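Notes for the structure review
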Amino acid sequence: MRISVAADERVGVAEELVGELGKRGHEIVLHGALSAEERDDWAWASEAAARDVARGDTDQAIVCCWTGTGASIAANKVPGVRAALCADALTAAGARTWNDANVLALSLRSTSSAELREILDAWFTTEPSASPDDQANIAHLAEIERHP
């Protein structure tokens with residue numbers, strides 16, 4: 001899978017995240033503080049990763065900032081992106097199942113190494129729900145974007 005990764009700092013699990021994704025065989029596109037050529041502020045870095053997903057240049061993205069909140073807000077401003085701030089594996093699985101989330105947001109401050117691996121396990125092994133009700137909710141999100 002091709003995944004964009006954005007972080008505004010090289011602290012916490014930022015570099016560990018990149019290493020873990022590489023170990024799992026993913027192709028990684030780096031943004032923000034993880035790239036020597038880009039602005040490292042959370043809004044710009046998260047937007048760049050989210051736009052990769054929206055354009056179809058990458059399959060998914062993972063965006064990070066100190067709390068994860070700003071990164072998720074910035075990513076969710078990009079049409080077609082459904083970013084979810086996940087602090088644990090259950091939330092990550094739910095975001096994939098019910099929300100068909102295509103961008104994972106993480107806190108660099110509070111995500112431990114063990115939680116990172118658990119969150120990634122849940123994120124990458126959980127498929128979106130095929131339930132008509134869940135699919136209707138996802139379709140409604142696209143409708144909201146078209147008619148703000």
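Residues numbered from 1 in each chain as written. Predicted model: local features only at pLDDT ≥ 70, side-chain atom pairs only at ≥ 80, totals over all residues. Heavy atoms only, no water.

Thoughts on the nonpolar core
Quick reminder of the rule: The set of buried Ala, Val, Leu, Ile, Met, Phe, Trp, Tyr and Cys residues whose side-chain atoms join them within 4.5 Å is what this entry labels a nonpolar core. Residue burial is assigned from relative accessible area. The probe radius is 1.4 Å, only protein chains are included, and a residue is buried under 20% of its type maximum, exposed over 50%, and partly exposed in between. Helical segments are the DSSP runs of H or I of at least four residues, strand segments are the runs of E of at least two, and each set is numbered from the N terminus. Any two residues whose heavy atoms approach within 4.5 Å at even a single point are treated as in contact.
Formed by 25 residues in total, the largest nonpolar core has its most connected members in L17, L21, I62, L104, L106, L120 and W123. For this core, the element with the highest residue contribution is helix 5 (residues 113-125), accounting for 6 residues. Apart from the residues lying within four places of it in its own chain, the contact partners of L120 are L17, E20, L21, R24, I62 and L104. Counting residues in each nonpolar core, the second largest holds 15 residues, with A6, V53, A61 and V78 among its members.

Brief notes about the environment of T69
As for its placement among the helices and strands, T69 is situated in helix 3 (residues 69-76). Its relative accessible area of 37% is what places T69 among the partly exposed residues. Spatially, the C-alpha atoms of T69 and L17 are 18 Å apart, while their sequence positions differ by 52 residues.

Focus on helix 3
Those residues of helix 3 that fall on the buried side of the exposure criterion are G70, A71, S72, A74 and A75. Of the surrounding secondary structure, the elements contacted by the buried residues of helix 3 are helix 2 (42-55), strand 3 (60-65), strand 4 (83-85) and strand 5 (103-107).

A look at the packing of aromatic side chains
Heads up, the condition is: Only centres within 6.5 Å qualify two rings of Phe, Tyr or Trp (six-membered ring in Trp) as a pair; their planes then separate them into stacked at under 30 degrees, edge-to-face at over 60, and tilted for everything else. In this analysis the charged atom, NZ for Lys or CZ for Arg, is taken to sit over a ring once it is within 6 Å of the ring centre and within 35 degrees of the ring normal.
Summed over all chains, the structure comprises 0 aromatic pairs. The ring of W44 is capped by R39, whose NZ or CZ atom sits 3.5 Å from the centre of that ring. Across the ring face of W123, the terminal group of R96 is positioned such that the distance to the ring centre comes to 5.5 Å.

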